[in-house]
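Residues per chain, in single letters:
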Amino acid sequence: MSKGLNRKGCGWRRRVYSFCVAVGLPVLFAGAVYATGQWVPLAEDDLHDPDNPAIKLLQEPREALSELPFDYPGNQVNWVRALEEGFINPRTNIYPGSEIRVLDLDILMTRVGDQGYVIFPHKQHTEWLDCSNCHEEIFASKAGTTPVTMMAILEGRYCGRCHGAVSFPLSECARCHSKHPHSTGYGLATQAWPPTGAPKMAE
Amino acid sequence: MLTNPEKKHLIASSVLFGILSVWLVLSSPVAAEYADVVLNKRAEKEGMRPVIFSHWFHRIRFRCKVCHSELAFKMRAGANEVTMADIIEGRFCGMCHNGEVAWSVENCDLCHSGKPGLESQIKGSHETGGPGIW
């Protein structure tokens, strides 16, 4: 074919392309890495008043959040990892007498249409929240008795009370729908299901 | 039909365009205000800027259960009737904002830091626009 001719005729063009790729790709990649995690300064977030003299005293999100484990959605922080891996150690109580309740119990939800089963880990949730934050107002304590649907969640009920507001948004399907119905493994879940032994209250 | 150099040109342009698109998406600024709450039921009527409550700032220091269980903040923006009198008497924000755990109520501008005219609301994430029912 005319392969030789093309190669000969386009040597300069190949060099230009090679140059573009060799220089352009690293520049673009570096740009992407740099640009990811650009938290908007308070004065530009359309919420804080830039004319408030005290704005300089407030902590900038980038200063705090850039130190924490990265996540793509939400405010680009993986808050569960930040807590589990000790990046932060937020206080559990103000009143000395408050009972700190952490429950290690996974709930399997199987009415999921054609999605993966949902594994709800109490552990990660109760590290942050108290039982009373969800039970009995948002969820009944007895598993399987709360009529959770995706539509209701999207409307901000049930899981949607927090997910999409302060915790990872509903665009992250597989983080909840993490267990394939026919698999014996644990999918993307961080914990094994079913839990071994009886449910236990940690600490 | 396209000749070989034209095809290469097309492919190279497409690849570069693709990379550029990904870069543009990644570089779109992050909504740092993810779950920032604007409190303005009373503030501006009483001559103060609206309050901006940042969840991100507080959750680094306190777990959800501190405010939503111990301090009895309902888990829905707008559901809590917070007045300065409450705060001064140690309820709601005043549990910590008393000069001991956190800055005291004399530092008006640190909390009343919102743009004039903002409506009470909660701001969502940069991907989803926030929760549905607020």
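Calculation criteria
- Residues numbered from 1 in each chain as written.
- Chains lettered and ligands numbered in written order.
- Predicted model: local features only at pLDDT ≥ 70, side-chain atom pairs only at ≥ 80, totals over all residues.
- Heavy atoms only, no water.
- Helix = DSSP H or I, 4+ residues; strand = E, 2+ residues; numbered from the N terminus.
- Contact = heavy atoms within 4.5 Å.
- Areas by Shrake-Rupley, 256 points an atom, 1.4 Å probe, with all protein chains shown as cover.
- Buried area = accessible area lost by both parts, 1.4 Å probe.
- Salt bridge = Lys/Arg side-chain N within 4 Å of Asp/Glu carboxyl O.
- Polar contact = N/O pair within 3.5 Å; in protein donor to acceptor, adjacent residues only side chain to side chain.
- Nonpolar A, V, L, I, M, F, W, Y, C, P; charged D, E, K, R; others polar.
- Pairing = 2+ DSSP bridges.
- Core = buried A, V, L, I, M, F, W, Y, C linked by side-chain atoms within 4.5 Å.
- Buried < 20%, exposed > 50% of the residue type's maximum accessible area, 1.4 Å probe, protein only.

*Asks:* Let's hear about the overall build of chain A: which residues, and what values?
*Replies:* On a plain count of helices and strands, chain A comes out with eight helices and five strands. N-terminal to C-terminal, the α/β element order of chain A is α-α-α-α-β-β-β-α-α-α-α-β-β. Taking as baseline every contact in chain A between residues at least 6 positions apart, the subset at least 24 positions apart corresponds to 45%. Surface summary for chain A: the accessible area is close to 12,300 Å², and the carbon and sulfur share equals 60%.

*Asks:* Describe the interface of chain B and chain A, and please don't skip the residues or the numbers.
*Replies:* Of the residues lining the interface, 63 residues belong to chain B; the matching set on chain A comes to 74 residues. Together, the buried faces of chain B and chain A total about 6,000 Å²; carbon and sulfur atoms form 62% of this surface. The three residues of chain B that bury the most area against chain A are R59(B), R63(B) and K65(B), which together make up 14% of that side's buried surface. Here chain B is connected to chain A by three salt bridges. Salt-bridge contacts for R49(B) lead to D49(A); the nearest nitrogen and oxygen are separated by 2.9 Å. Between the two partners, chain B and chain A, sit 22 residue pairs in polar contact (both at pLDDT 80 or more). Of all the secondary-structure elements, those providing two or more residues to the side of chain B that touches chain A are α1 (4–26), β1 (36–39), α2 (55–59), α3 (64–70) and α5 (108–111) of chain B. Looking at which element gives the most residues to the side of chain B that touches chain A, the answer is α1(B), with ten residues. Here the side of chain B that touches chain A is built from residues that sort into 34 nonpolar, 15 polar and 14 charged.

*Asks:* Summarise the sheet that holds strand β3 (residues 121–122) of chain B; cite the residues concerned and give the values.
*Replies:* All names here are of chain B. The three strands lie next to each other as β2-β1-β3, forming an open sheet whose pairing is antiparallel. Of all the strands in the sheet, just β2 (51–54) and β3 have a single pairing partner and so form its edges. Where β1 lies against β2, four bridges are found, and the strand directions are antiparallel. Bridge assignment links V38 to a residue of β2, and that residue is I52.

*Asks:* Explain the nonpolar core to me, and be specific about the residues and the numbers.
*Replies:* Grouped together as the largest cluster of nonpolar side chains are 21 residues, with contacts concentrated most on L65(A), L68(A), W79(A), I88(A), W128(A), W56(B) and I60(B). Elements with a minimum of two residues in this core: α3 (61–65) and α4 (79–84) of chain A together with α2 of chain B. In terms of residue count, α4(A) provides more of this core than any other element does, three residues in total. One finds L71(B), I87(B), F92(B) and M95(B) within the second-largest nonpolar core, a separate group that totals eleven residues.

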